[in-house]
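# What the coordinates show
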Amino acid sequence: RPRVLSGIQPTADSFHLGNYLGAVRNWVGLQDSHEAFYMVVDMHAITVDYDPEVLRQRIRRSAAQLFAVGLEPSRSTVFVQSQVHEHAELAWILGALTGFGEASRMTQFKDKSAKHGTQAASVGLFTYPILQAADILLYTPPLGGKDFQVPVGEDQRQHLELTRTLAGRFNHRFGPTFVEPDAHILKSTAKIQDLQEPERKMSKSSSSPQGIIDILDEPGPLKKKIMRAVTDAETEIRYDPETKPGVSNLLTIMSALGGEPIEGLEGHFAGAGYGQLKKELAELALETFGPIRERTLELLADPAELDRMLAKGAERASEVAAGTMDTVRERVGYLRRG
Ligand code: TYM
């Protein structure tokens, strides 16, 4: 079976709707057709300010949400990045193959370091994309043209490009080792926008929490956020992201959650007001996320069991990662321990 791999940062108490529609929901669908590896990337999360106890809770919360949305330990390898030490090891080697200028062109570092300035940012934040490349390439399928997919949102495209570049460079310098991964980006949900600032993507660092739908939101706040979403001064429910970003985003979300194409929704809401669209969307969101929320809380009620599930995932991931590192260590010229 072809391989698929992806990751999510444990930097919030809940995944938001962008994480869910842009990435995580698609992971579930891919676990049957692919050999799947999905990880909570806690090593990436420590590159910015954080509290250790909060991080530990969020790692568990992230894992619980992954299981709650439908990833199954029997069909997917779900694990925590830091529990597989090969990630750090390969990142070092790939770092030695990355140009300083090349790393400097990564736009996410510029965005994320903008707030406090690049001088205050950590070197870990700077080398973040290299660790991400290591996350991916450790799980390279055996050579021979098997496809290798990484399901992510639009904002990860540049990181995937760097990963491909580094894979190619390693292969060229040391001999064929890695399959170059493809970004698996679903166009319709690649960029879910903020509800309050619909010209910006929904993001953990949004200025207003009202703009972010968290999948673990309680029904009250969830409904309120949708009812208060920014729209426009017209009345027509029509998909036109240029002039009607707010309404178009709501249509995108509704179509993704309910499975009805956007044209169908435009027909359904012909003559109706924005209030009606929001009301139906809120109902759909409650229906979708209610069970996920419940299941997440159930899983969190037994942290020891959750930790055991993750330990099994890490064990399976380690086997694959260690196999890749054996080859890599040999190729780069390290000496085998005698
Ligand atoms: P992270 O944790 O920021 O986001 C997790 C996933 O959610 C997607 N996403 C969105 N999709 C659509 N609309 C949005 N508004 C939106 N916001 C976020 C992201 O594209 C991502 O797929 N660097 C990665 C984590 C990572 C990783 C990896 C991913 C580390 N190693 C290896 C893939 C493979 C990140 O920060 O994702």
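The rules behind the values
- Residues numbered from 1 in each chain as written.
- Predicted model: local features only at pLDDT ≥ 70, side-chain atom pairs only at ≥ 80, totals over all residues.
- Heavy atoms only, no water.
- Pairing = 2+ DSSP bridges.
- Helix = DSSP H or I, 4+ residues; strand = E, 2+ residues; numbered from the N terminus.
- Axes fitted to C-alpha atoms, helices over the stretch in contact; angles between N-to-C directions.
- Contact = heavy atoms within 4.5 Å.
- Salt bridge = Lys/Arg side-chain N within 4 Å of Asp/Glu carboxyl O.
- Parallel < 35°, antiparallel > 145°, perpendicular 65-115°, else oblique.
- Left-handed = near helix turned anticlockwise from the far one by under 90°.
- Nonpolar A, V, L, I, M, F, W, Y, C, P; charged D, E, K, R; others polar.
- Near = heavy atom within 4 Å.
- Polar contact = N/O pair within 3.5 Å; in protein donor to acceptor, adjacent residues only side chain to side chain.
- 1 Å grid on protein atoms, 1.4 Å probe; cavity = no way out; pocket = protein on both sides within 12 Å on 5 of 7 lines; lining within 4 Å.
- Points joined across faces, edges and corners; volume = space filled by probe spheres on them.
- Buried < 20%, exposed > 50% of the residue type's maximum accessible area, 1.4 Å probe, protein only.
- Arc of directions from axis to C-beta.

Another aspect to go through is the sheet that holds strand E5 (residues 182-184). One key point about sheets: their strands pair by backbone hydrogen bonds, in either a parallel or an antiparallel sense. Ordered in space as E3-E2-E1-E4-E5, the five strands form an open sheet in which the pairing is parallel. In this open sheet, the two strands that pair with only one neighbour each are strand E3 (76-80) and E5. Along the sheet, successive strands turn relative to each other by an average axial angle of 25°, direction set aside. Judged from the five bridges that link them, strand E2 (residues 35-40) and E3 form a sheet pairing that is parallel. Paired with Val40 across the two strands is Val80, which belongs to E3. Strands strand E1 (3-8), E2, E3, strand E4 (148-151) and E5 of the sheet are contacted by helix H1 (residues 17-33), whose axis makes an angle of about 145° with E1.

One pass over the full model with this rule turns up 22 salt bridges. With a closest N to O distance of 3.0 Å, Asp13 and Arg58 form a salt bridge. Note that Asp13 is positioned in the loop between E1 and H1 and Arg58 in helix H3 (residues 52-68), a separation of 45 residues in sequence. Its salt-bridge partner being Arg75, residue Asp32 comes within 2.4 Å of it at the nearest N-O pair.

We now examine the packing of H3 against helix H12 (residues 274-300). Axis separation between H3 and H12 bottoms out at 8 Å; the angle between their running directions is 130°. Our classification of the angle between H3 and H12 gives oblique. Every pair of crossing elements has a handedness; the one defined by H3 and H12 is right-handed. Side by side, H3 and H12 meet where Arg60, Arg61, Ala64, Gln65, Phe67 and Ala68 of the first sit next to Ile292, Arg295, Thr296, Leu299 and Leu300 of the second. Tallied by class, residues from the contact of H3 with H12 come to six nonpolar, two polar and three charged.

Moving on to the site of the ligand. Around the ligand, a shell composed of 27 residues is seen, among which Tyr128, Gln132, Asp135, Gly153 and Asp155 lie nearest. For the ligand, an oxygen atom lies 2.8 Å from a polar atom in the backbone of Gly153. In this structure, a nitrogen atom belonging to the ligand sits 2.9 Å away from a main-chain N or O atom of Met202. Of all the secondary-structure elements, those providing two or more residues to the shell around the ligand are E1, H1 and helix H7 (123-137). Of the residues belonging to the shell around the ligand, the class tally is 11 nonpolar, 12 polar and four charged.

This next bit is on the layout of surface pockets. What the second largest pocket holds in volume is close to 330 Å³. Every residue lining the second largest pocket is counted, 18 residues in all, and those nearest its centre are Ser188, Lys191, Tyr239, Pro241 and Thr252. In terms of residue count, helix H10 (residues 245-258) provides more of the lining of the second largest pocket than any other element does, six residues in total.

Here we take up the packing of helix H9 (residues 219-227) against H12. Two packed helices can be described by the angle between their axes and the distance between those axes. Remark: H9 packs on H12, axes separated minimally by 9 Å, with the N-to-C direction vectors making an angle of 150°. As judged from the angle between their axes, H9 and H12 are roughly antiparallel. For the element pair H9 and H12, the recorded crossing hand is right-handed. Of H12, the residues touching H9 (which contributes Pro219, Leu222, Lys223, Ile226 and Met227) are Gly275, Lys278, Lys279, Leu281, Ala282, Ala285 and Leu286.

The next subject is helix H4 (residues 86-96). Those residues of H4 not exposed but buried are Glu86, His87, Leu90, Ala91, Ile93 and Leu94. Along the long axis of H4, the arc covered by the buried residues comes to 165°, so they all point the same way. Every exposed residue of H4 that faces more than 90 degrees away from the buried side is listed here: Trp92 and Ala96. On the buried face of H4, the contacting elements are E2, helix H2 (42-45), E3, H7, helix H8 (157-174) and helix H13 (303-332).

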